[in-house]
Amino acid sequence: MELLPRSPAEFGSARYWDRFFRQRGQRPFEWYGAFPELCPVLHKYVRPRDKVLVVGCGNSELSEQMYDVGMCEDIVNIDVSDAVIRQMRERSAAARPRMSYLLMDMLHMDFPDAHFQVVLDKGTLDALLTDEEEATLAKVDQMFAEISRVLQVGGRYLCVSLAQGHVLKKAVEYFSQEGWVVRVHQVASSGDKQQFVLPVFVYVMTKFRKIPGSAAQILEICPEEQDKPMRVESTERLVAAVKDRQHYALLCSQISKTPCREQVSLDLCDRESGKPRYTLHVVDSPSVKPSRDNHFAIFIIPQGRETEWLFGTEEGRRQLAASAGFGRLLTVALHREQHYEDMASIQAELSGKVMELAPPGLPARQQVPFLSVGGDIGVRAVRHRGSSPLSGQFVVEDVKGDGTCYFRRLIFLQNRSVVQSEARLLAPTPLPGQKKRRKDKKKPSPPEPPGAIDKSYLCCEHHKAMVAGLCLLGGPDALPGELAVLVVGLGGGSLPLFLHDYFWQARVAVVEIDPSMLDVATRWFGFSQGDRLQVHVSDGLDYVAKLAAEAPAQYDAIMFDVDSKDLTVGMSCPPPAFVEKPFLQKVKTILKPEG
């Protein structure tokens, strides 16, 4: 522990580094990023004929390894520690004649302008920029100015870093404002999670002549699994993208060592759009006794079924994991905005990423099964997209449920894990004498398009309870339309439609605050108004208050089927205002004595 500095400021002291390297001796010291991991990135930006400057070289083997594999030989290494420079000269003088080691401060370099094609920095910026004090930032500005001075136009500054937020932000802001192209590579890890948890990054700053008056910035990030860079629009977004990858690495490290006490959730995003493509939940089952074949499995939730209790709730997923019999189950939900070919393509896409979330104790080269319901990825067809000032963006989609049933659903995208309304679709009925088409064995036929709305279906248990309550009202002698019912909240219209069609004695008034929902219910859910079914577009609170003042005691039953628009309270129905005592008093006023 004597090698550690007494304060972060000592990282910039030549005296500290002399003492450090004397005590450490000949053993190479690598802050982070072994050469095999860095090589794929360095190979893209270092050419054999380049003249390379390594700042703050220490006794790292990086320069030697670059030289020995033939990546580049004209390498100049500088450091402020006389002890390490003498040590490295002795180590490389005979074997590497074209490589040199110089005692020099990178803040005040003796090289002429535009002398190098590449400046390489492995951990030096991280060691210098330990805080954001004025004196520290002044040193960093001096370092960047000197690097800029000795680099040719078109030259590259390659900085190997752990990318702490303030370090990355400072580097990106400085060089992007100078008109340089900034690209950040995540270095592929060796897979040894015990060695180093945090991911390593390489900043690639390419020098261009600054165009006067131009504010254009080119900022890019290259995730480790792909070569194609992704453009980002601001320094803040670039820093946030790096932070997401750091958090993911920490998460993978934690759950690879210990079981998860709580379910872990994360989104994997599409490379092109940046939108979520898969939502993963890590579910551990401590009650499952581990054996060689039951450590880990992946469960692909069929499209459109992610909102079901078994897949969409913590308790449901816990039950799913226990019944599947695996110590760790990773559930994968597919997003409606994305396209998926088939189960095989999903497995190929996810196989590398999901193994980063494997549990502790997974045997090497263990085959991990992919599970699903029915062996396919389900069916989801978006029929309509819309938006309203009250409900935000929404979609109407047809999905295949368990078995052969199809359902039409209304989903508010601000709360996409909740089905707002659902109707069952009737299977298409062939016409008399119509023969079924023979299937082409070579081409799999698409699913038959669903038919009309099944108006006998109630999707919610609370709807069934509400309807059952009506049996207590009216008698066998009641006349058509004699039973007055008020429904507050339309949605897809299944509840008022059921009341209209199966309670012929009911006269139903519906209050809906959002006119867009009336259009959706009419166009997509088979809803229609008539003599015994009328919709009033109004705020339910205002409508009830007005009736209480003008027309009391007129309804036999009042049903509230309204959701809360406040996402901070989770799934909450109805909004609090509907259950406050003054409002409930108004509800009582417009009910008949036996209502």
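Source: prediction; values computed, not measured.

Caption draft 1: Structural view of the sheet that holds strand β13 (residues 328-334). Read across the sheet, five strands follow the order β10-β11-β13-β12-β14 without closing on themselves; strand pairing throughout is mixed. Strands with a single pairing partner mark the edges of an open sheet, and in this sheet they are β10 (264-269) and β14 (370-371). Where strand β11 (residues 276-284) lies against β13, seven bridges are found, and the strand directions are antiparallel. In the sheet register, L280 faces β13, and the bridge partner there is V332.

Caption draft 2: Structural detail: the confidence of the model for the protein chain. In the predicted model, the protein chain carries a mean pLDDT of 85, and the fraction of residues at 70 or more is 86%. pLDDT under 50 marks residues 441-447. Its contacts with residues more than four places away, or in other chains, come to three contacts.

Caption draft 3: Seen up close, the packing of helix α15 (residues 540-550) against helix α16 (residues 581-590). For the pair α15 and α16, the least separation of the axes is 9 Å and the interaxial angle reads 50°. One element, α15, and the other, α16, form an angle in the oblique class. Here the hand of the crossing between α15 and α16 comes out left-handed. Touching G540, L541, V544, A545, L547 and A548 of α15 are F583, K586, V587, T589 and I590, all from α16.

Caption draft 4: Looking closely at the pattern of salt bridges. Following the criterion strictly, the structure yields 29 salt bridges and no others. Here D74 and K51 are joined by a salt bridge, their closest N and O atoms 3.3 Å apart. Taken as a pair, D74 in the loop between α3 (62-68) and β2 (75-79) and K51 in the loop between α2 (35-45) and β1 (52-55) lie far apart in primary sequence, 23 residues in all. The residue D398 makes a salt bridge to R408 at a minimum N-O spacing of 2.7 Å. Residue D398 is found in strand β16 (residues 392-400), and its partner R408 is found in strand β17 (residues 406-412); the two are separated by ten residues along the sequence. Classification of R408 as buried rests on a relative accessible area of 12%. Salt bridges linked by common partners bring E64, D68, R91 and R96 together as one network.

Caption draft 5: Fine view of the pairing of strand β20 (residues 483-488). Counting buried residues in β20 gives six out of six residues, a clear majority hidden from the surface. Where β20 meets strand β21 (residues 506-512), six bridges bridge the pair, whose relative direction is parallel. Across the sheet, A484 pairs through a bridge with R507, a residue of β21. The β-α-β motif built from β20, the intervening helix α13 (residues 494-502) and the parallel element β21 has right-handed crossover chirality. Relative to strand β23 (residues 557-560), β20 runs parallel, the two sharing four bridges. Looking at β23, one finds that L486 is bridged to I558.

Caption draft 6: Spatial organisation of helix α6 (residues 134-150). The terminal C-alpha atoms of α6, which comprises 17 residues, lie 25 Å apart, in line with the 24 Å expected from a rise of 1.5 Å per residue. Those residues of α6 lying buried are T136, V140, M143, F144, E146, I147, S148 and V150. Contacts made by the buried residues of α6 are with β1, β4 (116-122), α5 (124-128), β5 (151-161) and α7 (165-177).

Caption draft 7: Seen up close, the sheet that holds strand β6 (residues 181-186). Judged by pairing direction, the sheet is mixed, and its nine strands sit side by side in the order β3-β2-β1-β4-β5-β7-β6-β8-β9 without closing on themselves. Each having just a single partner strand, β3 (100-103) and β9 (230-232) make up the two edges of the open sheet. Strand-to-strand twist of the sheet, defined as the mean angle between neighbouring strand axes without regard to direction, takes the value 20°. Relative to the sheet, α6 contacts β1, β4 and β5, its axis offset from that of β5 by approximately 140°. Here helix α8 (residues 235-257) sits on the sheet and contacts β6, β7 (201-206), β8 (219-222) and β9; the angle it forms with β8, its principal contact strand, is near 15°.

The rules we used
- Residues numbered from 1 in each chain as written.
- Predicted model: local features only at pLDDT ≥ 70, side-chain atom pairs only at ≥ 80, totals over all residues.
- Heavy atoms only, no water.
- Pairing = 2+ DSSP bridges.
- Helix = DSSP H or I, 4+ residues; strand = E, 2+ residues; numbered from the N terminus.
- pLDDT = per-residue confidence, 0-100.
- Contact = heavy atoms within 4.5 Å.
- Axes fitted to C-alpha atoms, helices over the stretch in contact; angles between N-to-C directions.
- Parallel < 35°, antiparallel > 145°, perpendicular 65-115°, else oblique.
- Left-handed = near helix turned anticlockwise from the far one by under 90°.
- Salt bridge = Lys/Arg side-chain N within 4 Å of Asp/Glu carboxyl O.
- Buried < 20%, exposed > 50% of the residue type's maximum accessible area, 1.4 Å probe, protein only.
- Right-handed = clockwise from strand over helix to strand, strands pointing away.
- Expected span 1.5 Å × (residues − 1).

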